[in-house]
Amino acid sequence: MLLSIVVPCFNEEDVLARFHDRVTDELDRLDGAFEIVYVDDGSRDGTLPLLRELAGRDPDRVRFLSFSRNFGKEAAMLAGLRHAAGDAVVIMDADLQHPPELVHRMVALHAEGYDQVVARRTREGDRVTRTLTARLYYRAINRLVDVELVDGVGDFRLLSRRTVDAVLGLGEYNRFSKGLFSWVGFRTTTFSYENAVREQGRSTWTFGKLLNYGLDGLLSFNNKPLRAAVHLGLLLTVVALGYAAWIVGDALVNGVTTPGYVTLLVAVTALAGVQMVMAGLIGEYVGRIYYEVKRRPHYLLKETGGASRAADTRVTGESLWETVAPK
């Protein structure tokens, strides 16, 4: 069995050599061949020269792809999956928060017939506020989306070849891989591991990026927010009619005792706020349709190098644009 390791990289110069040594030591203990597919997501440090060096030292087992600019981790994972030739593919980060020692366990569970082997990290060591926010988010989003998202489950997982092919067959531009992995299904098992501390640098996942990522998950797998807008509109209509009836009845019984501009101002402001929220929500969906119909590629490659595996036969003779364009 050929095992592929897909590693998205963004400014990982400080930790990449250490990661490579640890993961190759671990893979050397496995029975069967392996390859490592690094994807440089437009790094601004020395990541790309280091990848060239790693591929030059071990050209039979190491390959790299380099983007023309930073396209994001979703695009990097997609590129790695497209170029991975393995019968099974493991996706992991280069910052050593995904312990390479767990690959053995993943391969063993895959041999038992599982198509997806998912590593679920505990939240030990995380800030209390982040842990509570994450739990509330997953509890809320699982009531809305059409797939199940598990707290602590990320991209660190093993995928069988048929699972990889199924994921690659989903051609949408706005990709939320955590949801896509759950959507394709197949036989899946999950195990927990202790949260590992990032060894170098700081995470690029700011609160704003996490918030946008959470919104992507919410909007990518359901249209319930649009349905909620309809329900909210009906509710406001009923409330407005009831309030109008009460105002008319009170005026007939007691007369007009207070000016109505305060009530009018509050009502207009509240309704305007609701309308702006609904317009923004519809705009999010329309914006996603806009990006889908443009059919732009998810990424552009400026350089590739390293091992030549069976995956290359699927793109032989194609331009870089054709290689990366959505199917």
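Just above, that's the structure.
Read on for an overview of the structure. (Residues numbered from 1 in each chain as written. Predicted model: local features only at pLDDT ≥ 70, side-chain atom pairs only at ≥ 80, totals over all residues. Heavy atoms only, no water.)

## A closer look at the nonpolar core
Counted only if it meets this: In this description, a nonpolar core means a group of buried Ala, Val, Leu, Ile, Met, Phe, Trp, Tyr and Cys residues linked to one another through side-chain atoms lying within 4.5 Å. Exposed residues in this analysis have more than 50% of their type's maximum accessible area, buried residues have under 20%, and partly exposed residues fall in between, with area computed by a 1.4 Å probe over protein chains only. Whether two residues are in contact is decided by their heavy atoms, any of which lying within 4.5 Å being enough.
Counting residues in each nonpolar core, the largest one holds 37 residues, and the members touching the most others are L3, V7, L16, L27, Y38 and M92. In this structure L27 touches L3, I5, F34, I36 and V103, once residues within four positions along its chain are discounted. Counting residues in each nonpolar core, the second largest holds 24 residues, with V37, A75, M77 and V164 among its members.

## Topic: helix α3 (residues 73–83)
Condition: The helix and strand labels rest on DSSP assignments: H or I over at least four residues marks a helix, E over at least two residues marks a strand, and numbering proceeds from the N terminus.
Of all 11 residues in α3, 10 are buried, a share of seventy percent or more. Of all the residues in α3, the buried ones are E74, A75, A76, M77, L78, A79, G80, L81, R82 and H83.

## Section: the packing of helix α1 (residues 13–28) against helix α2 (residues 47–57)
To keep it simple, the criterion reads: Axis angles are defined between N-to-C directions and span 0 to 180 degrees, where every axis is a line fitted to C-alpha atoms and, for a helix, only to the segment in contact. The labels follow the angle: roughly parallel below 35 degrees, roughly antiparallel above 145, roughly perpendicular from 65 to 115, and oblique for the rest. Note on convention: the crossing is left-handed when the near helix lies turned anticlockwise from the far helix by less than a right angle, right-handed when the turn is clockwise.
α2 packs onto α1 with a crossing angle of 20 degrees between their chain directions and a minimal axis gap of 9 Å. For the element pair α1 / α2, the angle class is roughly parallel. Regarding α1 and α2, the two cross each other, and that crossing is right-handed. Facing α1, whose interface residues are E13, L16, A17 and H20, α2 presents T47, L50, L51, L54 and R57.

## A few points about the pattern of salt bridges
Our working definition: Think of a salt bridge as a Lys or Arg side-chain nitrogen and an Asp or Glu carboxyl oxygen that are within 4 Å of each other.
Under the criterion given, the structure shown has 11 salt bridges. With a closest N to O distance of 2.9 Å, D58 and R61 form a salt bridge. One salt bridge connects D93 with K73, and the closest N-O pair in it is separated by 2.8 Å. Remark: K73 occurs in helix α3 and D93 occurs in the loop between β4 (88–91) and α4 (103–111); sequence separation between them is 20 residues. With relative accessibility at 24%, the residue K73 sits in the partly exposed group.

## Re a nonpolar patch on the surface
Applicable threshold: Surface patches are drawn from residues lacking salt bridges whose relative accessible area is over 30%; two like charges belong together within 9 Å, two nonpolar side chains (Val, Leu, Ile, Met, Phe, Trp, Tyr) within 5 Å. Shrake-Rupley sampling with a 1.4 Å probe provides the accessible areas, and residues are treated as covered by the protein chains on show and by no other component.
On the surface, Y243, W246 and I247 cluster together into a nonpolar patch covering about 320 Å² of accessible area. For W246, a relative accessible area of 52% gives the class exposed.

## What about the packing of aromatic side chains?
Applicable threshold: Centres within 6.5 Å are what make two rings of Phe, Tyr or Trp a pair, Trp counting through its six-membered ring; a difference in plane orientation under 30 degrees is then read as stacked, over 60 as edge-to-face, and the rest as tilted. Two conditions define a charge sitting above a ring: the NZ of Lys or the CZ of Arg must be within 6 Å of the ring centre, and it must be within 35 degrees of the ring normal.
Enumeration according to the criterion identifies four aromatic pairs in this entry. Ring plane angle 75 degrees and centroid distance 6.3 Å describe the contact between F19 and Y38, whose orientation is recorded as edge-to-face. Note that F19 is positioned in helix α1 and Y38 in strand β2 (residues 34–40), a separation of 19 residues in sequence. Given the relative accessible area of 0%, Y38 is considered buried. Seen from their ring centres, F156 and Y193 are 5.9 Å apart, and the 90 degrees between their planes marks the pair as edge-to-face. Here the residue F156 occupies a position in strand β6 (residues 153–160), and Y193 occupies one in strand β7 (residues 188–193), the gap between them amounting to 37 residues. Residue classification places Y193 among the buried positions, given a relative accessible area of 8%. A network of ring pairs unites the aromatic residues F67, F71 and Y299 as a single cluster. Above the plane of the ring of Y114 lies R187, whose end atom (NZ or CZ) is 4.1 Å from the centre.

These results come straight from atomic positions and should not be treated as a statement about function.
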